[in-house]
Amino acid sequence: MSNPPLIFIDGDQGTTGLLIHERLRDRKDLRILTLPAAERKDAQRRAEAINSADIALLCLPDAAAREAVALIENPRVRVIDASSAHRTSPGWVYGFPEMTPEQPQAIANAHRISNPGCYPTGAIALLRPLVQAGLVPADYPLSIHAVSGYSGGGRPQVEQYEGPEAASAAPFVLYGLGLQHKHPPEMQLHAGLTQRPIFLPAYGAFRQGIVLSIALQTRLLPAGSSLESLRAALQRHYAGARHVKVLDAEQSAATAQLDPTRHNGSNDMTLGVFGNPAEGHILLCAVFDNLGKGASGAAVQNLDLLLAAA
Ligand SMILES: NC(=O)C1=CN([C@@H]2O[C@H](COP(=O)(O)OP(=O)(O)OC[C@H]3O[C@@H](n4cnc5c(N)ncnc54)[C@H](OP(=O)(O)O)[C@@H]3O)[C@@H](O)[C@H]2O)C=CC1
Ligand SMILES: CC(=O)N[C@@H](CCC(=O)OP(=O)(O)O)C(=O)O
């Protein structure tokens, strides 16, 4: 019998890499290749590790992820990149299995998979099915708001909130005020939008979890778009999805459904459609773990698609 596939996690001491390692640690259907601490940033040793692996999971800053891909010489190596380096790059398959019915197979067949960004995961989950169904116009002037746990900023930000200076860490920070965050191009491409959305991120003094919201006005939507029809379209799209649930009308009354931390440690995501029909105001919301469905959970979900197809 041949050996189980060899998995190399490049960046396994970072926030995302550690959690992927934790999720895979007890698996018997794969082997994990780990570099000693002193060698984890040694380009030569990383090159050897990547080229000897069946699947390389990149949990690195963008520049290091590009460098890791450039180190690959073995054409059999398959890559799942958690960074934002390749999310809009031609030749890379977008690692969001629930995005379209074809996506799981596209991921399973791919050699280069780019995981969605944490915030884009929620925005695309809400928008793409609605744009595709013709319920939200592709050129709708969108503003996307989100609040994340501080771990979204990686190790340096975790240290700010959990290290010796924790007492002086801000309780809430609205950032990206130049509206130049790296995520709008990714959201635009994969949600099928013709205009760049405005994106307003924030983070709070909690470790992990995201609540993302998008307000819509029915007067700017096609006839037939309503709170109910949008909710029904999302329910139809995610009917068979194991990790994505859409709140029904009754569940939507409980604000606890939008607690950003409710899915921490899992790969689940809750979507909701709220609003004031009399005024024609609709609110789309997504709740998920930035380190789960937004990062390590999504990476393991994609890894499992590759392993199942091998
Ligand atoms: N945190 C989040 O919510 C999410 C993160 N991501 C993406 O995942 C990637 C990793 O993020 P995150 O885990 O948060 O970041 P961290 O900063 O927590 O971890 C990055 C890791 O990469 C290591 N590293 C940096 N440069 C190199 C190099 N040249 N060679 C080898 N290792 C290197 C770092 O080591 P050291 O600390 O010693 O420098 C660190 O261990 C990023 O691209 C991010 O965009 C994706 C979705 C969500
Ligand atoms: C709270 C916080 O700082 N969040 C990060 C987003 C996480 C990230 O950089 O990673 P992905 O693009 O891979 O999701 C930010 O806004 O830059």
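Residues numbered from 1 in each chain as written. Chains lettered and ligands numbered in written order. Predicted model: local features only at pLDDT ≥ 70, side-chain atom pairs only at ≥ 80, totals over all residues. Heavy atoms only, no water.

### Focus: the sheet that holds strand β13 (residues 281-288)
Logical step 1: If you trace the 7 strands from one edge of the open sheet to the other, you get β8-β9-β7-β10-β13-β12-β11, paired in mixed fashion. Pairing within the sheet leaves two strands with one partner each, and these edge strands are β8 (172-174) and β11 (244-246). When the angles between neighbouring strand axes are averaged without regard to direction, this sheet yields 20°.
Logical step 2: Summarising the sheet, β11 and strand β12 (residues 269-276) pair through 3 bridges and their orientation is parallel. Across the sheet, the residue bridging to valine 244 is methionine 269, located in β12. (Pairing = 2+ DSSP bridges. Helix = DSSP H or I, 4+ residues; strand = E, 2+ residues; numbered from the N terminus. Axes fitted to C-alpha atoms, helices over the stretch in contact; angles between N-to-C directions.)

### Quick look at the UniProt feature "active site" (unreviewed entry) in the chain
Logical step 1: Feature annotation in UniProt assigns "active site" (unreviewed entry) to the following positions: Cys118.
Logical step 2: The residue cysteine 118 is located in helix α5 (residues 118-132) in this model.
Logical step 3: Leaving out residues up to four positions away in the same chain, cysteine 118 has contacts with His183, Ile210, Phe288, Asn290 and Gly294. (UniProt positions renumbered as here; feature names shortened; annotations may be inferred. Contact = heavy atoms within 4.5 Å.)

### Things to note about the pairing of β12
Logical step 1: Within β12, 6 of the 8 residues are buried, which leaves it mostly tucked inside the rest of the structure.
Logical step 2: Between β12 and the antiparallel strand that follows it, β13, lie 4 residues; glycine 280 among them carries a positive phi value of about 70°. (Buried < 20%, exposed > 50% of the residue type's maximum accessible area, 1.4 Å probe, protein only.)

### Topic: the pattern of salt bridges
Logical step 1: For the structure on display, the rule yields 10 salt bridges.
Logical step 2: A salt bridge links arginine 46 to aspartate 10, with the nearest nitrogen and oxygen atoms 3.0 Å apart. Taken together, the residues arginine 46 in helix α2 (residues 43-52) and aspartate 10 in strand β1 (residues 6-10) connect sequence positions 36 residues apart.
Logical step 3: One salt-bridge network, held together by shared partners, links Asp10, Arg46 and Glu67. (Salt bridge = Lys/Arg side-chain N within 4 Å of Asp/Glu carboxyl O.)

### Examining the pairing of strand β9 (residues 198-204)
Walk down a regular strand and you will see the side chains alternate between the two sheet faces.
Logical step 1: With 5 of 7 residues buried, β9 is to be regarded as a mostly interior element.
Logical step 2: Bridge analysis of strand β7 (residues 143-149) against β9 gives 7 bridges, and the strand direction is parallel. Bridging from a neighbouring strand, glycine 149 pairs with glycine 204 of β9.
Logical step 3: Pairing of β8 with β9 involves 3 bridges; the strand directions are antiparallel. Directly across from leucine 174, in β9, lies its bridge partner alanine 202.

### Concerning the site of ligand 2
Logical step 1: Taken together, the neighbourhood of ligand 2 is formed by 15 residues, with Arg87, Cys118, Tyr175, His181 and His183 sitting nearest.
Logical step 2: In the environment of ligand 2, an oxygen atom lies 2.7 Å from a nitrogen or oxygen atom belonging to the backbone of cysteine 118.
Logical step 3: Between ligand 2 and the protein, one listed contact pairs an oxygen atom with a side-chain N or O atom of histidine 181 at 2.7 Å.
Logical step 4: In the complex, the protein chains occlude 82% of the 420 Å² of accessible area that ligand 2 would expose alone.
Logical step 5: Elements that contribute at least two residues to the shell around ligand 2 include exactly α5 and β7. (Near = heavy atom within 4 Å. Polar contact = N/O pair within 3.5 Å; in protein donor to acceptor, adjacent residues only side chain to side chain. Areas by Shrake-Rupley, 256 points an atom, 1.4 Å probe, with all protein chains shown as cover.)

### Considering the packing of aromatic side chains
Logical step 1: In total, this model carries 4 aromatic pairs according to the counting rule given.
Logical step 2: Plain terms: the ring middles of tyrosine 119 and phenylalanine 199 are 4.9 Å apart, the flat faces sit at 65° to each other, and that makes the pair edge-to-face. Of this pair, tyrosine 119 sits in helix α5 while phenylalanine 199 sits in strand β9, placing them 80 residues apart in sequence.
Logical step 3: An angle of 80° between the planes, with centres 6.2 Å apart, marks the rings of tyrosine 161 and tyrosine 203 as edge-to-face. Separated by 42 residues along the polypeptide, tyrosine 161 in helix α6 (residues 154-162) and tyrosine 203 in strand β9 bring together distant segments of the chain. By the burial criterion, tyrosine 161 is buried, and tyrosine 203 matches it.
Logical step 4: Grouping aromatic residues by their ring pairs yields a cluster made of Tyr150, Tyr161, Tyr175 and Tyr203. (Phe/Tyr/Trp six-rings, centres within 6.5 Å; stacked < 30°, edge-to-face > 60°.)

### Observations regarding the site of ligand 1
Logical step 1: Near ligand 1 you find 27 residues, and of these Thr15, Thr16, Arg40, Lys41 and Leu60 are the closest.
Logical step 2: One nitrogen or oxygen atom from the side chain of arginine 40 is found 2.8 Å from an oxygen atom belonging to ligand 1.
Logical step 3: One of the backbone N or O atoms of arginine 155 is found 3.0 Å from an oxygen atom in ligand 1.
Logical step 4: Summarising the interface, the protein chains cover 84% of the accessible area of ligand 1, which totals 890 Å² for the free molecule.
Logical step 5: Listing elements by their share of the shell around ligand 1, those giving two or more residues are α1 (15-24), α3 (62-70), α6 and α9 (292-309).
Logical step 6: Top contributing element to the shell around ligand 1 by residue count: α6, with 3 residues.
Logical step 7: When grouped by side-chain class, the residues that make up the shell around ligand 1 number 9 nonpolar, 10 polar and 8 charged. (Nonpolar A, V, L, I, M, F, W, Y, C, P; charged D, E, K, R; others polar.)

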